[in-house]
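A structural walkthrough
Read off the chains here:
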Amino acid sequence: MSKENRKFIKTTCPRDCYDACGMVAAVDDGQVRKVLGDPDHHVAKGVLCGKCAIAYNGVWRQPDRRLTQPLKRVGKKGEAAFEPISWDEALETVAGRLKPLLEEKRNETIVHAHYTGTVGLIAGWYPLRFFSHIGATEIDPDTVCNKAGHVALEYTVGDSLDGFDPETAKDAATILVWGANPSHSAPHMHKAWLRDRSANIVVIDPVATNTALDVARTHLQLRPGTDAALAFGLLHVAKSHQLLDRVFIQSNVKGFDEIEAAIDVSDPETTAELTGLPAEKIIEVGLAYAKGPSMIWMGQGMQRTSRGGNAFRAILALVAGTGQMGKPGTGFCYMNGPGTRGIDMDSATASQIAQDGQSVSHMDMADTLENAEQSQAFFTWNCNPLASSPDQTRLRKALEREDLFTVACDVFPTDTVAYADIVLPAASFLEFNDIVAPYFHHTLSAQVKIQEAPGEALPNQEIFRRLASKLELEEPLLFESDEVLLSRILAMTSYEGDFATLSEAGTVQLFDEPRMQFPDGFATPSGKIEIASAAAEADGLPRVPEPHADKPTEGGRLRIVSPASKWQMNSSYANDPGIQEQIGAIALHLHPQDAEARNLSTGDVATLTNEAGELPVTIDVSEIAQPGMGVVYKGRWPNAEPSASNINVLHKGAKSDIGEATCVHSLEAELVTREAAE
Ligand code: SF4
């Protein structure tokens, strides 16, 4: 190793994270010595988050913890007993199992699950070409996460991927952070974008998150599942103080009159009763928001409930009714998709070569995989369903099916990999070029190769090119090179350089002035914000949002929410010893009242149990939870736990009201203490 030859190479963190940090790798003679935050990056400012600082300098750079060779199963499913094979043998074996299914036109029994192991535009999306071209069944990725919110926004404004420009926040007097916890999920935004701002920050969250405690002037710690009732309560405050924007409504909103009666009955006292919030706080926040300019950061937490889609539609009614859109310092943001920068994702996914294929909700994944009529082959890539998907016990059982040919494509030996017949080792983001389109800022970033992949690992896209070749598929778009893709993606944006210049810069701003939200209007049938939605009605949903509030739990059951931990990004990093040291045993954060009622103290062991399964937990008495509610952070790998399970063992796969999406935050369970069990 020679420091004389040390190079510093810029790249980008492609995790499923709002921050999309610029990074710098110190590389000696082709070997990465340290991965750091890029001091020039507008978000990272030289510092990675704690989890990435540990894991990118831990398991991500330890070849002995990686998958480095193709493998074939030699033991029972789940034992993770494999022996190395060549790429040729691995792909021949996979092709040999797929060919008869394709020839017999049973392509829909080839099922694939994927998600955001990387959000690089090529590695995260290109493999979809292969699966859509052969007509495989897709486990709809967003159903495990944010689909209810996406569909609700599509009904209402036509597009869920066009949010406010964060650069306009300097003009906002009030910012509602609703159902998001940037202190864990966007740590740099928490520190710089929120904490260092003079605006009135209001956090709306059932959990006392670090964002609520650290940056909020007001924390509305509402009962879980009561967000829609609160949105109507805030609208009532606006209406009773003549702060509805009738001019905006007249020009831009369809069907607002259909919710006026529901607004009229959502007075502060009624809303206080439904949400558990003080009436005076509802009035205070309602006035501040309606006076504006106000922005709403719409997080993913509130839509993972049984009426989460309705909650999103209700919040959009608040935005529309008060006219907090279309002016600097206003608007809402769920996320900003690549389209805000001109990127058509078809350039990666090539939908023109897709056959009609079906898609199945993650909530039905266990059903699908336990049924031989529906699934003969299963691919998992960019995700670890045994950690992330619901109905964990049934899913594990389904993956034990001897007649289900399972292929896992991953960087690490995950829980799901242990059930594979064939394992295909994937290169990590440090080992190939890609482009990242951050989903908060309208910037563009280069993910740059800084080292060779260990052993024989290959980027996702190359694995599926080679598999297409083994299957003797002839469609040219299945074989496009990374270079062609990178150039095409860049050509769609306003960036005038090439990938080499983007790599030197790391991240570039694409707009001189803050971008207006919905510059071309709303892509709804009426061209307006549709509070009354015929599309929703045609899908069997209420025509307008309703002031719904979930009822408090009964019979001593706890409502369990499972938000993102500070130390993990979805299920990434749970295999790093440094991260495992930080997260400790599975904790149930329990309000002091609930702990006292059960005679429990911090450190006691108990079991959460419901109709789906049971989960041993260590009690942490903490006021981050409210009475009647427990907090268990998500993302742990079952194979790293003594119980071989995580919070998803309690999740039966119940669906939210919209989009067949998860309602994991509506989960209820009993807490059984050792004393009670005896
Ligand atoms: S996970 Fe997020 S905060 Fe952490 S380094 Fe990556 S982009 Fe930055």
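Before reading on, note that the structure itself is shown above.
From a predicted model like this one, the values you see are computed outputs, not experimental measurements.

A look at the overall build of the protein chain
Within the protein chain, the secondary structure is distributed over 24 helices and 27 strands. Taking 26 Å as the expected radius of gyration for a compact globule of 678 residues, we find that the protein chain reaches 25 Å, a close match to that expectation. In terms of overall dimensions, the protein chain has C-alpha extents of about 70 × 70 × 55 Å along its principal axes. Counting over 678 residues, the protein chain shows a buried share of 62%. Total accessible area computed for the protein chain in this model is approximately 24,800 Å², and 49% of it derives from carbon and sulfur atoms. Between the averaged position of the 60 positive side-chain charges in the protein chain and that of its 92 negative side-chain charges there is a distance of 2 Å.

Quick look at the sheet that holds strand E27 (residues 668–673)
The strand order E22-E26-E23-E25-E24-E27 describes a closed barrel built from 6 strands, whose pairing is mixed. Going from strand to strand, the sheet's axes swing by 45° on average, the running direction of each strand aside. Sheet analysis places strand E23 (residues 587–590) next to strand E25 (residues 614–621), joined by 4 bridges and oriented parallel. Bridge pairing links His 589 to Asp 620 in E25.

Side note on empty space enclosed by the protein
For the structure shown, the criterion picks out 3 cavities of 30 Å³ or more. Roughly 770 Å³ of volume is contained in the largest cavity. As for the largest cavity, its lining consists of 47 residues, and the residues nearest its centre are Cys 383, Asn 384, Ser 388, Asn 570 and Ser 571. Mapped onto the lining of the largest cavity, the elements with two or more residues apiece are helix H16 (385–388) and strand E16 (405–410). Here the residues of the lining of the largest cavity sort into 21 nonpolar, 21 polar and 5 charged.

Topic: helix H3 (residues 127–134)
Where burial is concerned, most of H3 is hidden: 7 out of the 8 residues are buried. Once H3 finishes, Gly 135 follows within two positions and takes phi at roughly 75°, a positive value.

Some details on the layout of surface pockets
Leftover empty space is mapped by rolling, across the atoms, a probe with the size of a water molecule. What the second largest pocket holds in volume is close to 320 Å³. Along its surface, the second largest pocket is lined by 19 residues, and Cys 49, Pro 187, His 188, His 190 and Lys 191 are the ones closest to its centre. Among the elements of the structure, helix H1 (50–55), helix H6 (187–195) and helix H7 (210–214) are those that each provide at least two residues to the lining of the second largest pocket. Among the elements that make up the lining of the second largest pocket, the one with the highest residue count is H6 (6 residues). Tallied by class, residues from the lining of the second largest pocket come to 8 nonpolar, 5 polar and 6 charged.

A closer look at the pairing of strand E8 (residues 174–178)
Most of E8 is tucked away: 5 of the 5 residues are buried. Burial of the side chains of E8 extends over both faces: Thr 174, Leu 176 and Trp 178 are buried on one face and Ile 175 and Val 177 on the other. Strand direction decides the pairing type here: E8 and strand E9 (residues 200–204), joined by 5 bridges, are parallel. Considered in E9, the bridge of Thr 174 is made with Asn 200. The pairing of E8 with strand E12 (residues 294–298) spans 5 bridges and is classified as parallel. Bridge pairing in E12 links Ile 175 to Met 295.

Calculation notes
Residues numbered from 1 in each chain as written. Predicted model: local features only at pLDDT ≥ 70, side-chain atom pairs only at ≥ 80, totals over all residues. Heavy atoms only, no water. Helix = DSSP H or I, 4+ residues; strand = E, 2+ residues; numbered from the N terminus. Rg over C-alpha atoms; globule rule 2.2 N^0.38 Å. Buried < 20%, exposed > 50% of the residue type's maximum accessible area, 1.4 Å probe, protein only. Areas by Shrake-Rupley, 256 points an atom, 1.4 Å probe, with all protein chains shown as cover. Lys, Arg positive; Asp, Glu negative; His and termini not counted. Charge placed at Lys NZ, Arg CZ, Asp CG, Glu CD. Pairing = 2+ DSSP bridges. Axes fitted to C-alpha atoms, helices over the stretch in contact; angles between N-to-C directions. 1 Å grid on protein atoms, 1.4 Å probe; cavity = no way out; pocket = protein on both sides within 12 Å on 5 of 7 lines; lining within 4 Å. Points joined across faces, edges and corners; volume = space filled by probe spheres on them. Nonpolar A, V, L, I, M, F, W, Y, C, P; charged D, E, K, R; others polar.

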